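Summary of structural features
If you want the building blocks of each chain, they are given just below.
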Amino acid sequence: MASRVPVYSMSVDEYLEAEKTASLRHEYVAGQIYAMAGASDAHNTIAGNFFATLRSGVRGGPCRVFMSDMKVWIEAAGVFYYPDVLVTCDPEDNGEYTKTRPSLIIEVTSPSTTVTDHREKLLAYRKIPSLREYVMITQHEMKVEIYRLDSRGNWWLETYGPEHSFKLESVDMEIAVKDLYENVVLRPWPAGLPEPPTNPV
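Since this is a predicted model, take the numbers as computed values, not measurements. (Residues numbered from 1 in each chain as written. Predicted model: local features only at pLDDT ≥ 70, side-chain atom pairs only at ≥ 80, totals over all residues. Heavy atoms only, no water.)

Examining the nonpolar core
Side chains that are nonpolar tend, in soluble globular proteins, to be buried together. If you look at the biggest cluster of nonpolar residues, it comprises 27 residues, and the most contacted ones within it are Phe50, Leu54, Ile137, Phe166 and Leu168. Within the residue set of this core, elements represented by two or more residues are α2 (41–58), β7 (85–88), β9 (104–109), β10 (133–138), β11 (144–149), β13 (165–168), β14 (173–176) and α4 (177–180). Broken down by element, the residue count for this core peaks at six residues, all from α2. Beyond its immediate stretch of four places on either side in the chain, isoleucine 137 contacts Ile46, Phe50, Ile106, Glu107, Val108, Thr109, Lys143, Val144, Leu180 and Tyr181. Core analysis: the next-biggest nonpolar cluster, separate from the first, contains 18 residues, Met70, Ile74, Ile105 and Met136 among them. (Core = buried A, V, L, I, M, F, W, Y, C linked by side-chain atoms within 4.5 Å. Buried < 20%, exposed > 50% of the residue type's maximum accessible area, 1.4 Å probe, protein only. Helix = DSSP H or I, 4+ residues; strand = E, 2+ residues; numbered from the N terminus. Contact = heavy atoms within 4.5 Å.)

What to know about the packing of aromatic side chains
Enumeration according to the criterion identifies eight aromatic pairs in this entry. An angle of 75° between the planes, with centres 5.9 Å apart, marks the rings of tyrosine 28 and phenylalanine 80 as edge-to-face. Here the residue tyrosine 28 occupies a position in strand β2 (residues 26–29), and phenylalanine 80 occupies one in strand β6 (residues 79–81), the gap between them amounting to 52 residues. Note on accessibility: tyrosine 28 and phenylalanine 80 belong to one class, buried. Through pairs of rings, three or more aromatic residues link up here, namely Tyr15, Tyr28, Trp73 and Phe80. When the ring centre of tyrosine 81 is taken as reference, the NZ or CZ atom of lysine 121 above it lies at 4.9 Å. (Phe/Tyr/Trp six-rings, centres within 6.5 Å; stacked < 30°, edge-to-face > 60°. Lys NZ or Arg CZ within 6 Å of the ring centre and 35° of its normal.)

What about the sheet that holds β9?
Pairing in this open sheet of six strands is mixed, and the strands run β4-β7-β9-β10-β11-β12 from one edge to the other. Each end of this open sheet is capped by a strand with a single partner; those strands are β4 (64–67) and β12 (155–160). Direction aside, the axes of adjacent strands within the sheet are offset by 15° on average. On top of the sheet, α2 reaches β4, β7, β9 and β10; it is set at about 170° to β4, its chief contact. Strand contacts of helix α3 (residues 114–125): β9, β10 and β11, with the helix running at about 165° to β9, the strand carrying the most contacts. (Pairing = 2+ DSSP bridges. Axes fitted to C-alpha atoms, helices over the stretch in contact; angles between N-to-C directions.)

Note that all results are geometric; they support no functional claim without further evidence.
Shown next, in the form of structure tokens:
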């Protein structure tokens, strides 16, 4: 997800109405809205590769795949986010501009968003009752992190590298990590910035 800059506070209804005609997308967190800046070449390519892979895999079934212009509303956290990719398999999750029952959410992390993706968004996404998997994929190396919900309500973290494939249980698909990085130029982590946080499960 692209970097964010706080703008000003508004109500949920005001936010939803303003977002329909806004020239920039904004995320909404507890009454505060954040303008979203543009994303890098690597970010867009990875997100596009992930979208295309998922779209091909779910074709003909009940699941639908959306890219970064579709919001998700997390009522328990009071936030609207724009995930890089989301999948919903609930036919009643049919809002025109917002989804509320995703089963899979994917964020492409960057140096400017990795803390938010690993902490704030991780906590918020885990409050979505329908969510089964939250995926974070980096753009500076071939690395995929997947948080999965088990049948007992526990979340588990699994990490995959360039030599691995992984299964997304929410859509019953096997994906090779390297395929998601097709045509991606990997650039080193910027000097002087802390590495991505390591999350407790």
